[in-house]
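Coordinates in review
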Amino acid sequence: MDDFVDAPVRVDPPFLDGERDAVRAWLEYQRGTLLTKCAGLTPEQLGERSVPPSSLSLRGLVRHMTEVERGWFRRVLAGQDAPDLYCTPDDPDGDFDGVGRDADEPDTVAGEFARFAEECQVSREIADGFGSLDDLGRGRTSRSGEAVSLRWVYLHMIEEYARHNGHADLLRERIDGATGD
């Protein structure tokens, strides 16, 4: 099962884009980087933990970023009532911790990657509906209760992916020795 997750074609962001195109391109690059780190691994490898007691795994990172996409784009920007998929009040880290409880069957993992792709597509559509990077979302952040702009969400998402892609680099190297950006 070497082709469980296909590596996406990542395009380096252009050097001379306008601001909106630049942040959009960098976010797409970061999304692609996470999937690249998962490419070619089996469901079992995707669920391998970093080191005890951490519950960090590539599969958990994909589940986490699905929740993050859903939260910032659906809830904060679009103002939708979009409940978490993996986390609950009793298990706020269910995106990471649930990997150990869930079966590592290909259909389960494939469904999680499909949900990630769906959430990314919804996020793109929501962002495209904003006229300006300065436009405020219709929802509020769970952290501070503040409204934030599309620009803020793009920049936060780039930061969130970049941080977790660093984790993904180390996880992938630990699993099979693969390195690279």
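Computed from a predicted model, the values in this text were never measured in an experiment. (Residues numbered from 1 in each chain as written. Predicted model: local features only at pLDDT ≥ 70, side-chain atom pairs only at ≥ 80, totals over all residues. Heavy atoms only, no water.)

Focus on the overall build of the chain
- The helix and strand inventory of the chain stands at six helices and zero strands.
- Start at the N end of the chain and walk to the C end: the helices and strands fall as α-α-α-α-α-α.
- The C-alpha radius of gyration of the chain comes to 16 Å, within 12% of the 16 Å expected for a compact globule of 181 residues.
- Based on the C-alpha atoms only, the size of the chain along its principal axes is roughly 45 × 40 × 25 Å.
- Across the 181 residues of the chain, 47% fall into the buried class.
- Restricting to contacts in the chain with at least 6 residues of sequence separation, those with at least 24 account for 72%.
- When the accessible surface of the chain is summed, it comes to about 9200 Å², and 52% of that surface belongs to carbon and sulfur atoms.
- A distance of 4 Å separates the average location of the 21 positive side-chain charges in the chain from that of its 37 negative side-chain charges. (Helix = DSSP H or I, 4+ residues; strand = E, 2+ residues; numbered from the N terminus. Rg over C-alpha atoms; globule rule 2.2 N^0.38 Å. Buried < 20%, exposed > 50% of the residue type's maximum accessible area, 1.4 Å probe, protein only. Contact = heavy atoms within 4.5 Å. Areas by Shrake-Rupley, 256 points an atom, 1.4 Å probe, with all protein chains shown as cover. Lys, Arg positive; Asp, Glu negative; His and termini not counted. Charge placed at Lys NZ, Arg CZ, Asp CG, Glu CD.)

A word on the packing of aromatic side chains
- The final tally for this structure, using the stated rule, is three aromatic pairs.
- Centroid distance W26 to Y29: 5.7 Å. Interplanar angle 75°. Geometry classified as edge-to-face. Remark: Y29 and W26 occur in helix α1 (residues 19–38); sequence separation between them is three residues, near one turn of the helix.
- Its relative accessible area of 39% is what places W26 among the partly exposed residues.
- Residue Y29 is classed as buried on the basis of its relative accessible area, which comes to 12%. (Phe/Tyr/Trp six-rings, centres within 6.5 Å; stacked < 30°, edge-to-face > 60°.)

Focus on the nonpolar core
- L58 and M157 are the most contacted members of the largest nonpolar core, which totals 39 residues.
- Those elements giving two or more residues to this core turn out to be α1, α3 (58–77), α5 (106–128) and α6 (150–176).
- In contact with M157, not counting residues within four places along its chain, are L27, M65, V68, E69, W72 and F73. (Core = buried A, V, L, I, M, F, W, Y, C linked by side-chain atoms within 4.5 Å.)

A few points about the environment of A7
- Counting through the fold element by element, A7 comes out in the segment before α1.
- Expressed as a C-alpha distance, the spacing of A7 and L58, which sit 51 residues apart in the sequence, is 14 Å.

Thoughts on the side chain of D95
- With respect to the helices and strands, the residue D95 is situated in helix α4 (residues 94–101).
- At 6.6 Å, R63 is the nearest oppositely charged side chain to D95, a buried residue that forms no salt bridge.
- Within the local environment of D95, its side chain forms a polar contact with the side chain of H64, the two groups lying 2.7 Å apart.
- Not counting the four nearest positions on each side in its chain, D95 is found in contact with G60, R63, H64, E67, Y86 and C87. (Salt bridge = Lys/Arg side-chain N within 4 Å of Asp/Glu carboxyl O. Polar contact = N/O pair within 3.5 Å; in protein donor to acceptor, adjacent residues only side chain to side chain.)

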